[in-house]
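# Breakdown of the fold
If you want the building blocks of each chain, they are given just below.
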Amino acid sequence: MRQPAFRRLLVTGGAGFIGSHFVRLVLDQGVPEVVVLDKLTYAGSLRNLEGVLEHPRLRFLQGDIADPAAVAEAVAGCDAVVNFAAETHVDRSLLEPAAFVRTNVWGTMVLLEQALRAGVRRFLHVSTDEVYGEVLAGAARETDPLRPRNPYAASKAAAEHFAFAYRESYQLPVLVTRGCNTYGPYQHPEKFIPLAITNLLSGQPVPIYGDGLQERDWLYVEDHCRAVWTVLLYGNPGEAYNIGTGQHRPNLEVARRLVALLDADPSLIVHVTDRPGHDRRYAVDWSKLAALGWAPQVSFDEGLARTVAWYRSRVDWWSARRDETFAEYYARNYRNRAAP
Ligand code: NAD
Ligand code: TYD
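## Quick notes on the overall build of the chain
In terms of helices and strands, the chain carries 12 helices and 13 strands. Relative to the globule expectation of 20 Å for 340 residues, the C-alpha radius of gyration of the chain, 19 Å, shows essentially globular dimensions. Referenced to the eigenvectors of the C-alpha coordinate spread, the extents of the chain come out at roughly 55 × 45 × 40 Å. Taken as two groups, the 37 positive and 39 negative side-chain charges of the chain have centres that lie 2 Å from each other.

Shown next, in the form of structure tokens:
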């Protein structure tokens with residue numbers, strides 16, 4: 001049998017959407033010990049780790065990446081770290097930017113510092129294509145300047161700067177991935193695709209910001225996780241890697257497809273006031289990652305069908321996530337969004 005690449009791997013944010021899929025992937029890959037550190041904010045849930053939480057090679061720690069003592073305990077004896085933990089929702093960042101600085105910037109710095117002290121061999125920071133700002137034409141390359149335009153994107157760009165500073169200043173072997181919009185099972189229902197699906201399943205309108213012609217490149221969650229794993233194994237420390245698919249779609253088209261897949265009433269698609277500073281288009285060139293042997297495997301049609309089937313069959317999961325906290329946020333974010 002092939003030697004496992006890592007003896008003990010720390011995955012932060014492993015009870016979130018992408019992190020929980022990544023935990024499953026690394027257990028499948030045979031990593032001998034996987035430690036998950038997650039604060040279990042509104043976005044995280046142990047139910048995202050159903051089926052693997054009791055796995056003998058998994059250890060779950062509830063804790064904050066901004067807390068040096070919690071991080072020191074989690075990273076002890078680890079030879080690699082993958083940092084998924086973050087505040088991740090742009091709309092929330094417009095309402096409460098400070099929380100994004102605390103976790104995404106300060107928390108990442110605490111994690112970098114503790115990883116350095118623990119002497120890890122690899123530190124992969126999971127970033128986003130939103131750090132480039134809107135890309136009105138063509139596709140962003142890793143060498144392009146970072147021009148974030150909303151507080152979430154700004155906090156992720158700041159975190160990257162700290163990560164690369166730890167590489168330059170202290171030789172921490174840092175890698176960064178910049179993934180595009182991701183979707184699939186276990187995504188919190190306040191994000192666009194699961195919000196649209198669960199609203200349609202509940203007979204509620206799907207809010208489309210502005211004209212709905214903003215474009216996103218959609219990446220199936222398992223493809224995102226394989227990309228992170230590929231960069232962790234084969235990437236060059238000190239470098240960033242874009243993750244994309246080239247499957248750009250305007251939001252309105254995505255909503256219309258979901259209506260068709262769910263056989264719902266098209267009049268449930270409702271235009272509302274746009275998000276301030278809404279990036280019109282994201283697009284990345286991912287040829288650098290392709291050179292490491294990665295390619296997306298799930299087409300948008302296939303991924304969307306799988307996602308719809310999952311949410312249809314898991315009303316138990318998503319109705320528990322559409323709780324009071326969700327209702328409060330929903331009222332706050334959508335209350336004053338009359339049709340434009
Ligand atoms: P998510 O919001 O579903 O999960 C985030 C997880 O981090 C949750 O489990 C939460 O409890 C945990 N967390 C938050 N603050 C924490 C803290 N201070 N300490 C410890 N844990 C904390 O997010 P996601 O969509 O799975 O995104 C994961 C990562 O991928 C993020 O870094 C995000 O920026 C990045 N990313 C996401 C997308 C996307 O479309 N979802 C695309 C590109 C990059
Ligand atoms: P989102 O899932 O919040 O991801 P991001 O803003 O990080 O790209 O939103 C995806 C797209 O969908 C984005 O262009 C904003 C849009 N959107 C709506 O039109 N209505 C909504 O209610 C939400 C949540 C998003």
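## Examining the site of ligand 1
Close to ligand 1 lie 29 residues, the nearest being Ile-18, Asp-38, Thr-88, Tyr-152 and Lys-156. Note that an oxygen atom of ligand 1 is positioned 3.0 Å from one of the backbone N or O atoms of Thr-41. Between Phe-84 and ligand 1, the recorded distance is 3.0 Å, taken from a backbone N or O atom to an oxygen atom. When the free accessible area of ligand 1 is taken as 840 Å², the share hidden by the protein chains comes to 96%. Breaking the shell around ligand 1 down by element, the ones donating at least two residues are helix H1 (17–28), strand S5 (122–128) and helix H5 (151–170). At 3 residues, S5 tops the list of elements feeding residues into the shell around ligand 1. When its residues are assigned to classes, the shell around ligand 1 shows 12 nonpolar, 13 polar and 4 charged.

## Notes on helix H10 (residues 300–313)
Its 14 residues place the ends of H10 20 Å apart at the C-alpha level, agreeing with the 20 Å of an ideal helix rising 1.5 Å per residue. Next to the buried residues of H10 lie strand S7 (182–183), helix H6 (192–201), strand S10 (219–220), strand S12 (248–250), helix H8 (251–261) and helix H11 (315–321).

## Here we look at the pairing of strand S11 (residues 240–243)
Every second residue of S11 is oriented toward a common face, with Ala-240 and Asn-242 on one face and Tyr-241 and Ile-243 on the other, all of them buried. Summarising the sheet, strand S6 (residues 174–179) and S11 pair through 4 bridges and their orientation is parallel. Looking at S11, one finds that Thr-177 is bridged to Tyr-241.

## Quick word on the sheet that holds strand S1 (residues 8–12)
Spatially, the 7 strands line up as an open sheet ordered S3-S2-S1-S4-S5-S6-S11, and their pairing is parallel. Bordering the open sheet on either side are strand S3 (58–62) and S11, each of which pairs with just one other strand. Each adjacent strand pair in this sheet contributes to an overall mean axis angle of 20 degrees, direction not counted. This element, H1, spans S1, strand S2 (33–38), S3 and strand S4 (80–83) of the sheet and lies at about 170 degrees to S1. Lying on the sheet, helix H2 (residues 68–75) is in contact with S1, S2, S3 and S4; it crosses S2 at an angle near 170 degrees.

## Section: the side chain of Arg-275
Along the chain, Arg-275 falls in the loop between strand S13 (269–272) and helix H9 (287–290). A distance of 2.7 Å separates a polar atom in the side chain of Arg-275 from a polar atom in the side chain of Asp-91. Ignoring any residue separated from it by four or fewer positions in sequence, one finds Arg-275 in contact with His-89, Val-90, Asp-91, Leu-94, Tyr-209, Arg-216 and Arg-337.

## Section: the environment of His-248
Summarising the element assignment, His-248 is placed in strand S12. What makes His-248 partly exposed here is its relative accessible area of 22%. The spatial distance from the C-alpha of His-248 to the C-alpha of Arg-216 is 5.4 Å, given a sequence separation of 32 residues. A distance of 3.4 Å separates a polar atom in the side chain of His-248 from the backbone oxygen of Tyr-282.

## Focus on the site of ligand 2
Close to ligand 2 lie 18 residues, the nearest being Glu-130, Arg-216, Arg-275, His-278 and Tyr-334. A distance of 2.9 Å is found between an oxygen atom of ligand 2 and a backbone nitrogen or oxygen belonging to Tyr-209. One nitrogen or oxygen atom from the side chain of Arg-216 is found 2.7 Å from an oxygen atom belonging to ligand 2. Contact with the protein chains removes 96% of the 510 Å² of surface that ligand 2 exposes when unbound. Mapped onto the shell around ligand 2, the elements with two or more residues apiece are helix H3 (90–95), H6 and strand S8 (206–209). In terms of residue count, S8 provides more of the shell around ligand 2 than any other element does, 3 residues in total. Across the shell around ligand 2, the residue classes tally to 8 nonpolar, 4 polar and 6 charged.

Cut-offs and rules
Residues numbered from 1 in each chain as written. Chains lettered and ligands numbered in written order. Predicted model: local features only at pLDDT ≥ 70, side-chain atom pairs only at ≥ 80, totals over all residues. Heavy atoms only, no water. Helix = DSSP H or I, 4+ residues; strand = E, 2+ residues; numbered from the N terminus. Rg over C-alpha atoms; globule rule 2.2 N^0.38 Å. Lys, Arg positive; Asp, Glu negative; His and termini not counted. Charge placed at Lys NZ, Arg CZ, Asp CG, Glu CD. Near = heavy atom within 4 Å. Polar contact = N/O pair within 3.5 Å; in protein donor to acceptor, adjacent residues only side chain to side chain. Areas by Shrake-Rupley, 256 points an atom, 1.4 Å probe, with all protein chains shown as cover. Nonpolar A, V, L, I, M, F, W, Y, C, P; charged D, E, K, R; others polar. Expected span 1.5 Å × (residues − 1). Contact = heavy atoms within 4.5 Å. Buried < 20%, exposed > 50% of the residue type's maximum accessible area, 1.4 Å probe, protein only. Pairing = 2+ DSSP bridges. Axes fitted to C-alpha atoms, helices over the stretch in contact; angles between N-to-C directions.

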